[in-house]
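What the coordinates show
Here is what each chain is made of, one letter per residue.
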Amino acid sequence: MDQIAVHYLWWIVALLLIGGEVILPGYFMLWIGIAAAAMGVALLLLPGMGALAQAVLFVVFAFVSCFIYWKVVRPRLERIPAGNERLNRRGEQLLGQRYTLCEPIVQGRGKAKVGDGMWLVTGPDLPLGATVEVIGIDGTTLRVKAVDVG
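As the structure is a computational prediction, the values presented were derived from the model and not from experiment.

Its location among the elements puts Thr 141 in strand β5 (residues 141-146). On the basis of relative accessibility, which here comes to 13%, the residue Thr 141 falls in the buried class. Look past the residues within four positions of Thr 141 in its chain and what remains in contact with it is Leu 120, Val 121, Thr 122 and Gly 136.

Moving on, we get to the nonpolar core. If you look at soluble globular proteins, the nonpolar side chains tend to sit buried side by side. Judged by nonpolar contacts, the single largest core of 14 residues is most densely connected at Leu 94, Leu 101, Val 121, Leu 142 and Val 144. Every element with two or more residues in this core is listed here: β1 (98-106), β2 (109-114), β3 (117-122), β4 (131-138) and β5. A per-element tally of this core places β1 first, with 3 residues. Not counting the four nearest positions on each side in its chain, Leu 94 is found in contact with Tyr 99, Val 114, Trp 119, Val 134 and Leu 142. Ranked by size, the runner-up nonpolar core spans 11 residues in total, among them Val 6, Met 39, Leu 43 and Ala 62.

Time to look at the packing of helix α1 (residues 6-23) against helix α2 (residues 28-45). Relative orientation of the contacting elements α1 and α2 amounts to 165°, with a least axis distance of 8 Å. Here α2 runs roughly antiparallel to α1, going by the angle between their axes. Handedness of the crossing formed by α1 with α2: left-handed. Taken together, the residues that form the contact of α1 with α2 break down as 18 nonpolar, 4 polar and 1 charged.

So, on to the pattern of salt bridges. As enumerated under the stated definition, the model contains 3 salt bridges in all. Taking the shortest distance from any N to any O, the salt bridge between Arg 98 and Glu 133 comes out at 3.5 Å. Remark: Glu 133 occurs in strand β4 and Arg 98 occurs in strand β1; sequence separation between them is 35 residues. Judged by its relative accessible area of 53%, Arg 98 is exposed. Residues Lys 111 and Glu 103 are paired through a salt bridge, measuring 4.0 Å at the closest nitrogen-oxygen approach. On the basis of relative accessibility, which here comes to 33%, the residue Glu 103 falls in the partly exposed class.

The rules behind these values
- Residues numbered from 1 in each chain as written.
- Predicted model: local features only at pLDDT ≥ 70, side-chain atom pairs only at ≥ 80, totals over all residues.
- Heavy atoms only, no water.
- Helix = DSSP H or I, 4+ residues; strand = E, 2+ residues; numbered from the N terminus.
- Buried < 20%, exposed > 50% of the residue type's maximum accessible area, 1.4 Å probe, protein only.
- Contact = heavy atoms within 4.5 Å.
- Core = buried A, V, L, I, M, F, W, Y, C linked by side-chain atoms within 4.5 Å.
- Axes fitted to C-alpha atoms, helices over the stretch in contact; angles between N-to-C directions.
- Parallel < 35°, antiparallel > 145°, perpendicular 65-115°, else oblique.
- Left-handed = near helix turned anticlockwise from the far one by under 90°.
- Nonpolar A, V, L, I, M, F, W, Y, C, P; charged D, E, K, R; others polar.
- Salt bridge = Lys/Arg side-chain N within 4 Å of Asp/Glu carboxyl O.

As structure tokens, this is what we get:
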């Protein structure tokens, strides 16, 4: 194969590895894919590199990229502040919060004003305007209890 086009093969390998990471996430193939992309750049700059030199340099790039993940990226990911485990679960973010009823709770069901919207609530019968605290979530319905304001 023509030496000039070999760097394209490394970029194709990089895309396949990074694409595999998207399908089967786990961070491993991403960093090997980055090493393959770096190999493509190295071959673009040094087109006459032999197959053995490519293999050795690829292994070095793979170890370096995995080392960077292990020593730099991973510790930063582990330092993400607590509380983000509820990021995409809006209802769970409301646990312990207090809201005002915009519809009374009658026969165990009513509505509370949460931000600029209204959420269905279940709990003891309470009048309009009562303050409630969220104690649980059932799908998109908040379980609440009365709060003594006074």
